[in-house]
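Descriptive structure summary
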Amino acid sequence: YDAGNLLIGVTSVWILVPPILALAAPTQRVEALEPDLQRVRKGMLVEVVLTCFASLAMWYDWSPAKMIADQLASTTAILGSSIFAYCRGGWPSRCCPVMVLLTAVVFASKPPRFHPWPHLTFRALAMFTVVAGMDAGIGIT
């Protein structure tokens, strides 16, 4: 069980993949977004980085307050990026709601006996959702 918890803690850095990919997006594609969407995207980048810190803090020293902060931050990142995708349109607006649903189902059905694999599956689905929501069609074509 401790090895599984270590794996979950170490993989908290997966949460940084979407902002790293977003920062690597071509400037002209980012600037092609409406100014409001550019501001929202920057805010989402900050929020996703904060989500990583919340996840690491909860893993390192669990408490109910840190658990709530972690779940609130991750939910905001997942739903926020999906809403961002919806506002931009295209295939991400159709893909992200399905990914959010899959992420929620996996999160809600994590059987403890298979620890840490359901959590890692949830985390991977969440990461793909955030990547598609924030960067599909901008940095990833």
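The preceding data block contains the structure.
Below is a short write-up of the structure.

The rules behind these values
- Residues numbered from 1 in each chain as written.
- Predicted model: local features only at pLDDT ≥ 70, side-chain atom pairs only at ≥ 80, totals over all residues.
- Heavy atoms only, no water.
- Helix = DSSP H or I, 4+ residues; strand = E, 2+ residues; numbered from the N terminus.
- Buried < 20%, exposed > 50% of the residue type's maximum accessible area, 1.4 Å probe, protein only.
- 1 Å grid on protein atoms, 1.4 Å probe; cavity = no way out; pocket = protein on both sides within 12 Å on 5 of 7 lines; lining within 4 Å.
- Points joined across faces, edges and corners; volume = space filled by probe spheres on them.
- Nonpolar A, V, L, I, M, F, W, Y, C, P; charged D, E, K, R; others polar.
- Salt bridge = Lys/Arg side-chain N within 4 Å of Asp/Glu carboxyl O.

**Comments concerning the environment of Gln71**
Position of Gln71 relative to the elements: it lies in helix H5 (residues 64-88). The partly exposed category is assigned to Gln71, whose relative accessible area is 35%. Here the alpha-carbon distance between Gln71 and Pro118, two residues 47 residues apart in the chain, equals 16 Å.

**A word on the layout of surface pockets**
What the largest pocket holds in volume is close to 690 Å³. Around the largest pocket, the lining comprises 32 residues; the ones closest to its centre are Asp70, Lys110, His119, Phe122 and Arg123. At the level of secondary structure, the elements contributing two or more residues to the lining of the largest pocket comprise helix H1 (2-10), helix H4 (35-60), H5 and helix H7 (117-135). Ranked by the residues each element gives to the lining of the largest pocket, the list is headed by H7, at seven residues. Of the residues in the lining of the largest pocket, the class split is 21 nonpolar, eight polar and three charged. Each pocket or cavity is described by its volume, and for the second largest pocket that value is around 180 Å³. Contributing to the lining of the second largest pocket are Gln71, Ser74, Thr75, Ile78, Leu79, Val100, Thr103, Ala104, Phe107 and Phe122. Among the elements that take part in the lining of the second largest pocket, H5 stands out by supplying five residues, more than any other.

**Some points on the pattern of salt bridges**
Counted according to the given criterion, the structure contains three salt bridges. Here Arg39 makes a salt bridge to Asp36, at a shortest N to O gap of 2.3 Å. Of this pair, Arg39 and Asp36 both sit in helix H4, separated by three residues, roughly a single helical turn. Close ionic contact of Lys66 with Asp61 constitutes a salt bridge, the shortest N to O distance being 3.2 Å. When its relative accessible area of 28% is taken as the criterion, Lys66 is described as partly exposed. Residue class for Asp61 comes out partly exposed when judged on its relative accessible area of 42%.

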